[in-house]
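# Notes for the structure review
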Amino acid sequence: MFLLGHSCWSYLFSKTTGRKLNINLPAYLALLSGILPDFDIYFQPYLVHHTYTHSLIVIIPVVLVLTYFFGRLGFAFSVGILSHLLGDFMVGTIPLLYPFYPNSDVGLNLGIPSLADTVLEIGAFGLVLVYAYRNGDYKLVLKPSRESLLLAIPLFALVTLTLLFAGDRSIQLTEFAFSRRALTIITLGHILLSGILGLGVLQGFRWYLGKKRAWQTTNNASSPHPTI
Ligand SMILES: [Zn+2]
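Residues numbered from 1 in each chain as written. Predicted model: local features only at pLDDT ≥ 70, side-chain atom pairs only at ≥ 80, totals over all residues. Heavy atoms only, no water.

### As for the coordination of the zinc ion
Distances from the zinc ion to its protein donors, Asp 38 (OD), His 54 (NE2), His 84 (NE2) and Asp 88 (OD), fall at 2.1 to 2.5 Å. Each donor residue of the zinc ion lies on one chain, and together they are spaced D-x15-H-x29-H-x3-D. Taken together, the residues Asp 38 in the loop between helix H2 (27-33) and helix H3 (56-91) and His 54 in the loop between H2 and H3 connect sequence positions 16 residues apart. Like His 54, Asp 38 is buried. (Donors = N, O, S within 2.8 Å, 3.2 Å for Na, K, Ca; no water. Helix = DSSP H or I, 4+ residues; strand = E, 2+ residues; numbered from the N terminus. Buried < 20%, exposed > 50% of the residue type's maximum accessible area, 1.4 Å probe, protein only.)

This is how it looks when you write it as structure tokens:
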């Protein structure tokens, strides 16, 4: 599955888990959790993509540690991480017990790119838009706030991982992105999601500038008047 689907499914899974546990997982964490297993791309060639970070042998201890230290928030975030494995399991395979059983790949192998994958990714994106509207997260891209600024984190990961992944495989990104109809739709989805997150980051900057201005005003007001 591509990052669009991973990010959107993790948002849906981790936010609904958080809701059930009466905790509000911030949007930037919900969007980020599902792309974390693909962070192995940052560490290539030292860490081979789609191996350790896609294995339950590694992920289960990570889930336990996060839940132990961060409680319900950690668990909701972990559900987002696990959704990555589910996504890759659906469209391809995952090395479930790597490195102990290197040939333990399991998956439904629906194909990537494929119609099933496109439906899963674009469907999740559509659901995210509806859910974000209902839970109020849409305000992050409409109103200045601190949390809006934090959307820069998943945005940065989305963009850099896509570029690194393509660079690593010497893929001509623009050529590949629009080479098939399924990919074109997913590419447009990535662009749209990045655009929405970019808008959020702009709101975050507005929040920061407003805060700085307010701080300067109070500072000027409280500074002693010069005496003549
Ligand atoms: Zn993956």
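### A closer look at the packing of aromatic side chains
Think of a pair of aromatic rings as described by two things: how far the centres are apart, and how the planes are tilted against each other in angle. As enumerated under the stated definition, the model contains 6 aromatic pairs in all. Between Trp 9 and Phe 13, the ring centres sit 5.9 Å apart and the planes meet at 40°, which makes this aromatic pair tilted. Pair noted here: Trp 9 and Phe 13 are both in helix H1 (residues 3-20), with a separation of 4 residues, about one helical turn. Look at Tyr 11 and Tyr 131: their rings are 6.2 Å apart centre to centre, the planes differ by 75°, and that puts the pair in the edge-to-face class. Taken together, the residues span a long stretch of sequence, with Tyr 11 in helix H1 and Tyr 131 in helix H4 (residues 115-135) at a distance of 120 residues. With respect to class, Tyr 11 is no different from Tyr 131; both count as buried. (Phe/Tyr/Trp six-rings, centres within 6.5 Å; stacked < 30°, edge-to-face > 60°.)

### Concerning the packing of H4 against helix H8 (residues 181-222)
Where H4 meets H8, the axes come as close as 10 Å, and the angle between the chain directions of the two elements is 25°. The orientation of H4 with respect to H8, classified from their angle, is roughly parallel. H8 is crossed by H4, and the crossing has left-handed handedness. From H4, Asp 117, Thr 118, Glu 121, Ile 122, Phe 125 and Leu 129 reach across to H8, where they touch Ala 182, Ile 185, Ile 186, Gly 189, Leu 192, Leu 193 and Ile 196. Residue composition of the contact of H4 with H8, grouped by class: 9 nonpolar, 2 polar and 2 charged. (Axes fitted to C-alpha atoms, helices over the stretch in contact; angles between N-to-C directions. Parallel < 35°, antiparallel > 145°, perpendicular 65-115°, else oblique. Left-handed = near helix turned anticlockwise from the far one by under 90°. Contact = heavy atoms within 4.5 Å. Nonpolar A, V, L, I, M, F, W, Y, C, P; charged D, E, K, R; others polar.)

### What to know about the environment of His 84
Positionally, His 84 belongs in helix H3. Along the sequence, His 84 and Leu 127 sit 43 residues apart, while their C-alpha atoms lie 17 Å from each other. Sequence-distant contacts of His 84, defined by excluding residues within four places in its chain, comprise His 6, Gly 34, Ile 35, Pro 37, Asp 38 and His 54.

### With respect to the packing of H1 against H8
For any two helices packed against each other, the geometry comes down to the angle between their axes and how far apart the axes lie. Running from N to C, H1 and H8 cross one another at 55°; their axes reach a closest spacing of 9 Å. Between H1 and H8, the angle is such that the two are oblique. Seen from H1, the contacting residues are Leu 3, Leu 4, Ser 7 and Cys 8; seen from H8, they are Ile 186, Gly 189, His 190 and Leu 193. A breakdown of the residues in the contact of H1 with H8 according to their chemical character gives 5 nonpolar, 3 polar and no charged.

### Looking at H3
Since the α-helix turns once every 3.6 residues, residues separated by three or four places project in the same direction. Between the first and last C-alpha of H3 there are merely 18 Å, a value that for 36 residues lags more than 12% behind the 52 Å anticipated at 1.5 Å per step. With a side-chain oxygen lying 3.1 Å from the backbone nitrogen of Ile 57, the N-terminal cap of H3 falls on Ser 55. (Expected span 1.5 Å × (residues − 1). Polar contact = N/O pair within 3.5 Å; in protein donor to acceptor, adjacent residues only side chain to side chain.)

### Things to note about the nonpolar core
By size, the foremost hydrophobic cluster in this structure holds 39 residues, and its most contacted members are Cys 8, Tyr 11, Leu 151, Leu 193 and Leu 197. Of all the secondary structure elements, the ones that give two or more residues to this core are H1, H2, H3, H4, helix H6 (152-168) and H8. A per-element tally of this core places H3 first, with 7 residues. Once you skip the residues sitting within four places of it in the chain, Leu 197 turns out to touch Leu 31, Leu 151, Pro 154, Leu 155 and Leu 158. (Core = buried A, V, L, I, M, F, W, Y, C linked by side-chain atoms within 4.5 Å.)

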